[in-house]
Amino acid sequence: MSRPICLIAMLGWVGLANAQVPASVSEKDFLTDMPIVLSVSRLPQRLDDTPGAVTIIDRNMIRLSGARDVADLMRLVPGFQTSTSFDTGAPLASYHGGFDSYSNRLQVLVDGRSVYSPYLVGGIGPGLQTVALADIERIEVLRGSNSAAYGARAMLGVINIVTRHTVDSLGLQVSVTGGENDIRDSQARIGWGGEDASFRLAVDRRADGGLTGSNGHNEISRANFRADLRASARDEVQLRAGTLAIDAGRGFAGVVDDPLRDRGLDSGYAQLDWRRNLAEDEDLAFSISHSEESYRDSFPYSLRPFVNDSIDIDASGHSSNDTVSLQHTFRHGSALRVVWGGEVRREQVVSRPLYNTDAAFVTDFTRLFGNAEWRFAPELVLNAGAMYEKSSMSGDSLAPRLMLNWHVADGQTLRAGVSRAFRPPSTFEKFSDVRYVWNGMLLKATTVSSGNVQPESVLARELGYLGDFPSLGANLDVRVFHEQISGFVRRQEYAVSPVTTLFPSNPVDYVNGENFSIQGVEYQMKWRPWRDAQVIFNQAYTEISSTDRGSKLAAPKLASSLTFFQKLPGGLDLSLMHQDNGTVTLQGAGYLDQVAMTRTDLRLSAPLRFGPNRAEVALVVQSLGGPYQDFSPRFQFQRRAFVTLRVEN
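The residue count restarts for each chain, going from 1 along the sequence in the order it is written. Given that the model is predicted, a residue must reach a pLDDT of at least 70 before its local features are reported, and side-chain atom pairs must reach 80 or more before they are shown or counted; all residues, however, enter totals for whole chains, interfaces and linings. To obtain the side-chain values, all non-hydrogen atoms of the structure were used and water was disregarded.

K.L.:
Provide a residue-level description of the overall build of the protein chain, including the pertinent values.
P.N.:
In this description a helix means any DSSP run of H or I spanning at least four residues, a strand means any run of E spanning at least two, and both kinds are numbered starting from the N terminus. Along its length, the protein chain carries seven helices and 39 strands. Between the two quantities, the radius of gyration covers C-alpha atoms and the globule rule is 2.2 Å times the number of residues to the power 0.38. For 649 residues, the compact-globule estimate of 2.2 N^0.38 gives 26 Å, and the protein chain sits close to it at 25 Å. Its C-alpha atoms put the protein chain at 85 × 55 × 50 Å along the principal axes. Relative to its full complement of 649 residues, the protein chain shows a buried share of 55%. For the protein chain, the accessible area works out to roughly 26400 Å², and carbon and sulfur atoms hold 58% of it. Once the 65 positive and 73 negative side-chain charges of the protein chain are each reduced to a mean point, those two points are 2 Å apart. Buried residues are those whose accessible area, probed at 1.4 Å on protein chains only, stays under 20% of the maximum for their type, while exposed residues exceed 50% and partly exposed ones sit between those limits. Each accessible area value is a Shrake-Rupley result obtained with a 1.4 Å probe; residue values ignore everything except the protein chains displayed when judging cover. In this count, Lys and Arg are taken as positive residues and Asp and Glu as negative ones, while His and the chain termini are left out. Lysine's charge is taken at NZ, arginine's at CZ, aspartate's at CG and glutamate's at CD.

And the structure:
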């Protein structure tokens, strides 16, 4: 299935090996500074010094991709899968296996704030919707475990979203998008102030009809505010606040337990960051944040054939997060840099429908972390770090990491390392008790957790290579990995139901299942074959050694993507993106049908002027080759075209 892409890649390599830079293009045109990565170890580091493989999606790539949300951008990252077939308002983005429909083994950060949702089994779907793409400066994706820096939720990887500084977004910008599948997007942003105090307020809405075959219509409304203040020559303060409202369709016609309906999510957050420069190579950073989520989901449940009536089933609830952190960064001599600090976090969940009680479930996390970057030889960099984490629900854990980067030659780096991470079960996995009750009678039970589930863990080993070839305008990033997962948490039906119900019930529990490994290789090649052109080729081979059919097929064995960007005469931009994934099934969603996916997108844009105002009009066609199944055979992602007009002064 991926032979066409593999063939293109082979031809690309032949072309790369024999490419001659045109006489009008000097080597200097392709020479760029090594990117600085902000989030991997909590130390700003050159990409070739980081303890892990990182994919960077910058603002220009976001614009050229034609994507409408962050989850869709993850298709540009090796080893990632995306889908909207489970919840259009909270899309799935998983790494090395969509074991469930919530991606609770990844951490998502927005400007350093965790947007992991503790509701249900935990997940990142709502967090990926926190900010509009127009407000994002860059996205750093660490492909691999990073609990050593960010705790248990970063078991398999981290998506770090960095929003634009307010100084870089002064003035007014508006955009409107419309097209097939009832796509109706709009955005407005205003920025004001100067170097010492600047502000931004952005509001936007994203709406479409979802997947064919699903009740997937959705509308997402956001408002985000940011202020950057220079309090003194040594102090910087950042204030952020925002709201998110998601209204989405869900369910299926004729399914008693999951009928057609609308459900919603309302959330809000506030965040304060303060940084003080203590010396030339020393600073102190303090952060405090609060966020809340309210879920709305209810539907009628038929009592036939026992009674010609129905009852309202409500799955609504509320969750909140409070986090305070402090970190200290300093340099000791010319060879050693250190960051260390601590964090306390409180998560609270309240939902009678999910837990059969009005009591609040509170989980407190206490974290101590540290990372040292030691350049003990000019060509050798050792990153050693760890996080000690204490959970009031699951006890203590220690997540260490050791990574050695060897700069074999200029622009050529080899990397080898090992890390260990733990993920404590979520509140739902530990305490869920979902029952349908009518007039004091227990009609049905769907999930009754025994509370015996324990944390799962991963031991990750990896080898990597990062090669930069400026004279050819190319670079290559390769990661070879082996991830041993122990005590994998899964749903399992009781052999004998723990409750007696009026209707037939097969309640499930959460248990620690088998141990299995995820292994393979992934690579990303970027090549500028000529001026104003870029080719990006990603490929991931993943093998899951589980005996469970659903888990074994939770990631495609071979997944490939090929992206081409070209600036044309007259300022036009052309983008072509092709993705080809092998067969896969999402075990957590209960779909055992193996589905492959092929998708091609096109974007063509042209610059415009309205007096002194800059503008751009862009045409995007997604799934150019026709519809494809989005995991379930009943869901189809149809070809869709839409146009965006953006104006800014």
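This is not the end of the story, as more comes after the structure.
K.L.:
Residue-level account of the pairing of strand E30 (residues 508-512), with values.
P.N.:
Here E30 lies mainly inside the structure; four of its five residues are buried. At least two bridges found by DSSP between two strands are what make those strands a pair. As paired elements, strand E29 (residues 489-493) and E30 share five bridges and run antiparallel to each other. Across the sheet, the residue bridging to Gln492 is Asp509, located in E30.

K.L.:
Give me the lowdown on a nonpolar patch on the surface, citing residues and values where you can.
P.N.:
Where nonpolar side chains cluster on the molecular surface, the patch consists of Leu172, Val174, Ile190, Trp192 and Leu201 and spans about 410 Å² of accessible area. Mapped by element, the contributors of at least two residues to the nonpolar patch are strand E10 (171-179) and strand E11 (183-193). On the secondary structure map, Ile190 appears in strand E11. The exposure class of Ile190 is partly exposed, given its relative accessible area of 40%. Patch membership requires over 30% relative accessible area and the absence of a salt bridge. Like charges are linked within 9 Å, and nonpolar side chains (Val, Leu, Ile, Met, Phe, Trp, Tyr) within 5 Å. Here, a salt bridge means any Lys or Arg side-chain nitrogen found within 4 Å of an Asp or Glu carboxyl oxygen.

K.L.:
Please provide a residue-by-residue account of the pattern of salt bridges, values included.
P.N.:
Using the criterion set out here, one finds 55 salt bridges in the structure. Across the salt bridge formed by Arg153 and Glu347, the nearest N and O atoms sit 2.7 Å from each other. Pair noted here: Arg153 is in the loop between helix H4 (147-150) and strand E9 (157-163) and Glu347 is in strand E20 (residues 336-350), with a separation of 194 residues, a long-range link. Just as Arg153 is buried, Glu347 falls in that class too. Close ionic contact of Lys444 with Asp257 constitutes a salt bridge, the shortest N to O distance being 2.7 Å. Of the two residues, Lys444 sits in strand E26 (residues 441-448) while Asp257 sits in the loop between strand E14 (235-250) and strand E15 (261-279), which places them 187 residues apart along the sequence. Three or more residues are tied together by salt bridges with common partners; here these are Arg63, Lys567, Asp573, Arg603, Arg614, Glu616, Arg646 and Glu648.

K.L.:
Pulling in residues and values, what's your account of the sheet that holds E9?
P.N.:
An order of E3-E8-E9-E6-E7 is seen for the five strands of this open sheet, with the pairing classed as mixed. What marks the edges here is a single partner per strand, and that holds for strand E3 (53-58) and strand E7 (113-114). Across two bridges, strand E6 (residues 106-110) lies against E7 in antiparallel orientation. Its bridge partner lying in E7, Leu109 is registered against Ser114.

K.L.:
I'd like a description of the packing of aromatic side chains, backed by residues and values.
P.N.:
Any two of the Phe, Tyr and Trp rings considered here, Trp counted by its six-membered ring, make a pair once their centres fall within 6.5 Å; the pair's planes then place it as stacked at under 30 degrees, edge-to-face at over 60, or tilted in between. By the definition in use, this model includes 16 aromatic pairs. For the pair Trp192 and Phe199, a centre-to-centre distance of 5.5 Å together with 20 degrees between the ring planes defines the contact as stacked. The exposure class assigned to Phe199 is partly exposed, which follows from its relative accessible area of 22%. With 4.9 Å between their ring centres and 65 degrees between their planes, Tyr301 and Tyr436 make a pair best called edge-to-face. Of the two residues, Tyr301 sits in strand E17 (residues 298-302) while Tyr436 sits in strand E25 (residues 433-438), which places them 135 residues apart along the sequence. In terms of burial, Tyr301 and Tyr436 fall into one category: buried. Members of the aromatic cluster, joined through ring pairs, are Tyr355, Phe361, Phe428, Phe431 and Tyr510. Should the NZ of a Lys or the CZ of an Arg lie within 6 Å of a ring centre and within 35 degrees of the ring normal, that charge is described as sitting over the ring. Here Arg42 stacks its cationic end above the ring of Phe369, 3.9 Å away from the centre of that ring.

K.L.:
Give a detailed account of unusual backbone geometry, specifying residues and quantitative values.
P.N.:
A positive phi angle is found at Arg42, which is not glycine, with a value near 75 degrees. Within the secondary structure, Arg42 sits in the loop between strand E1 (36-37) and strand E2 (45-46).

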